[in-house]
Amino acid sequence: MSKPAYKRVLLKLSGEALMGDDPYGINRATIERTVADVAEVAKLGVELAIVIGGGNIFRGVAPGAQGMDRATADYMGMLATVMNALALADAMRHAGITARVMSAIGIEQVVEPYVRPKALQYLEEGKVVVFAAGTGNPFFTTDTAAALRGSEVSAEIVLKATKVDGVYTADPKKDPNATLYSSISFDEAIAKHLQVMDATAFALCRDQKLPIKVFSITKPGALMRVIMGEDEGTLVHV
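Just so you know, these numbers come straight off a predicted model, no measurement behind them.

Engineer: Can you walk me through the sheet that holds strand 7 (residues 183-185) in this structure?
Structural biologist: Through backbone hydrogen bonds, the strands of a sheet pair up, either in parallel or in antiparallel fashion. Spatially, the nine strands line up as an open sheet ordered 4-3-5-2-1-6-8-9-7, and their pairing is mixed. Each edge of the open sheet carries a strand with a single partner, namely strand 4 (112-113) and strand 7. As defined by bridge partners, strand 7 adjoins strand 9 (residues 234-237) across three bridges and the pair is classed as parallel. Note that in strand 9 the partner of Ser183 across the bridge is Leu235.

Engineer: What should I look at first to understand the packing of helix 5 (residues 142-152) against helix 7 (residues 199-207) in this one?
Structural biologist: Interhelical geometry of helix 5 versus helix 7 gives an angle of 20 degrees and a closest axis separation of 7 Å. Put simply, helix 5 runs roughly parallel to helix 7. Pair helix 5 / helix 7 crosses with left-handed handedness. Counting all contacts with helix 5, which are made through Asp143, Thr144, Ala147, Leu148 and Ser151, the residues of helix 7 involved are Thr200, Ala201, Leu204 and Cys205.

Engineer: Explanation requested: the pairing of strand 2 (residues 47-52) in the structure shown.
Structural biologist: Every other side chain in a regular strand lies on the same face of the sheet, so the side chains alternate between the two faces. Most of strand 2 is tucked away, with six of its six residues classed as buried. Two elements, strand 1 (residues 8-13) and strand 2, share six bridges in a ladder whose sense is parallel. Residue pairing in the sheet places Val9 in a bridge with Leu48 of strand 2. For the handedness criterion, the β-α-β arrangement of strand 1, helix 1 (residues 28-42) and strand 2 is classed as right-handed. Where strand 2 lies against strand 5 (residues 128-132), three bridges are found, and the strand directions are parallel. If you follow Ala49 over to strand 5, its bridge partner there is Val129.

Engineer: Even after reading the chapter, I still don't get the pattern of salt bridges, so can you show me in this structure?
Structural biologist: Scanning the entire structure with this criterion turns up 13 salt bridges. Via salt bridges that share partners, Lys12, Asp143 and Lys160 belong to a single interconnected network.

Engineer: Would you take a moment to explain the packing of aromatic side chains for this structure?
Structural biologist: Under the defined criterion, the tally for this structure stands at two aromatic pairs. Between Tyr114 and Phe131 the ring centres are 5.4 Å apart and the planes differ by 85 degrees, which places this aromatic pair in the edge-to-face class. Of the two residues, Tyr114 sits in the loop between strand 4 and helix 4 (116-124) while Phe131 sits in strand 5, which places them 17 residues apart along the sequence. Of the two residues, Tyr114 and Phe131, both sit in the buried class. The side chain of Arg100 reaches across the aromatic face of Tyr122, ending 5.6 Å from its centre. Just above the ring of Phe131 sits the side chain of Arg149; from NZ or CZ to the centre is 5.9 Å.

Engineer: I would appreciate a short explanation of helix 1 in the present structure.
Structural biologist: An ideal rise of 1.5 Å per residue puts 21 Å on 15 residues; helix 1 measures up with 21 Å between its terminal C-alpha atoms. Buried within helix 1 we find Thr30, Ile31, Thr34, Val35, Asp37, Val38, Ala39, Val41 and Ala42. Contacts from the buried residues of helix 1 go to strand 1, strand 2, helix 3 (70-94), strand 5 and helix 8 (222-227). N-capping of helix 1 is provided by Asn27, with a side-chain oxygen placed 3.2 Å from the backbone N of Ala29.

Engineer: Teacher, can you tell me more about the side chain of Asn84 here?
Structural biologist: With respect to the secondary-structure elements, Asn84 resides in helix 3. Ignoring sequence-local partners within four residues, the contact set of Asn84 consists of Gly15, Leu18, Ile26, Ile52, Gly53, Gly54, Asn56 and Ile57.

Engineer: Would you mind going over the environment of Val41 with me for this structure?
Structural biologist: Its place among the elements puts Val41 in helix 1. Accessibility expressed as a relative area gives 0% for Val41, which makes it buried. With near-sequence residues (within four places) excluded, Val41 lies in contact with Val46, Leu223, Met224 and Ile227.

Rules used throughout
- Residues numbered from 1 in each chain as written.
- Predicted model: local features only at pLDDT ≥ 70, side-chain atom pairs only at ≥ 80, totals over all residues.
- Heavy atoms only, no water.
- Pairing = 2+ DSSP bridges.
- Helix = DSSP H or I, 4+ residues; strand = E, 2+ residues; numbered from the N terminus.
- Axes fitted to C-alpha atoms, helices over the stretch in contact; angles between N-to-C directions.
- Parallel < 35°, antiparallel > 145°, perpendicular 65-115°, else oblique.
- Left-handed = near helix turned anticlockwise from the far one by under 90°.
- Contact = heavy atoms within 4.5 Å.
- Buried < 20%, exposed > 50% of the residue type's maximum accessible area, 1.4 Å probe, protein only.
- Right-handed = clockwise from strand over helix to strand, strands pointing away.
- Salt bridge = Lys/Arg side-chain N within 4 Å of Asp/Glu carboxyl O.
- Phe/Tyr/Trp six-rings, centres within 6.5 Å; stacked < 30°, edge-to-face > 60°.
- Lys NZ or Arg CZ within 6 Å of the ring centre and 35° of its normal.
- Expected span 1.5 Å × (residues − 1).
- Polar contact = N/O pair within 3.5 Å; in protein donor to acceptor, adjacent residues only side chain to side chain.

In short, shape yes, function no, at least from these values alone.
Shown next, in the form of structure tokens:
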């Protein structure tokens, strides 16, 4: 078997990726399928860090959050990511993978705080590190957390796992003539206003020369193909 194309990667999972076809919450079959893909990659010796979103949980309380102070709503979203991270780590334990959850906000009774040297130690030991609570600050998305943590742990690439199989010339749901990019530069993506990540995350990845691979986590075997350097999804590069 050929060797993986990357030694250390940062996987950005949206909370919505854990919902499956449910309106909100965590779909057990979906999380088990996702973890099976992650376990397959981890067993190759790839050092894997994960940033998880919280949209699947926050979606359920979003109607009640209307009119709420933005910072308060963002902190609620951070707590949702902690819940997802715990579910993810527990599913990994059942799959035979050791995972450590590290939170950007202090909840020491539940998960350990994010400490960069400790995170690097865990990665070197072959443990999967799940970063929860985003950056720990309101007004920043988990996309920005992925760009930040990916830079901090010296990941070779940020893998943005979504429900679509890459970056298109237009929204494929609205434009049947939209075509998939196999690769695109940061500058070109910005000039064409392609929504790869939010602007802060995108700028950070570009400045750090940290490439992004956008692919579908719902597509069987897609994560492994990305890790092996095969033609899957869209590569955004300097």
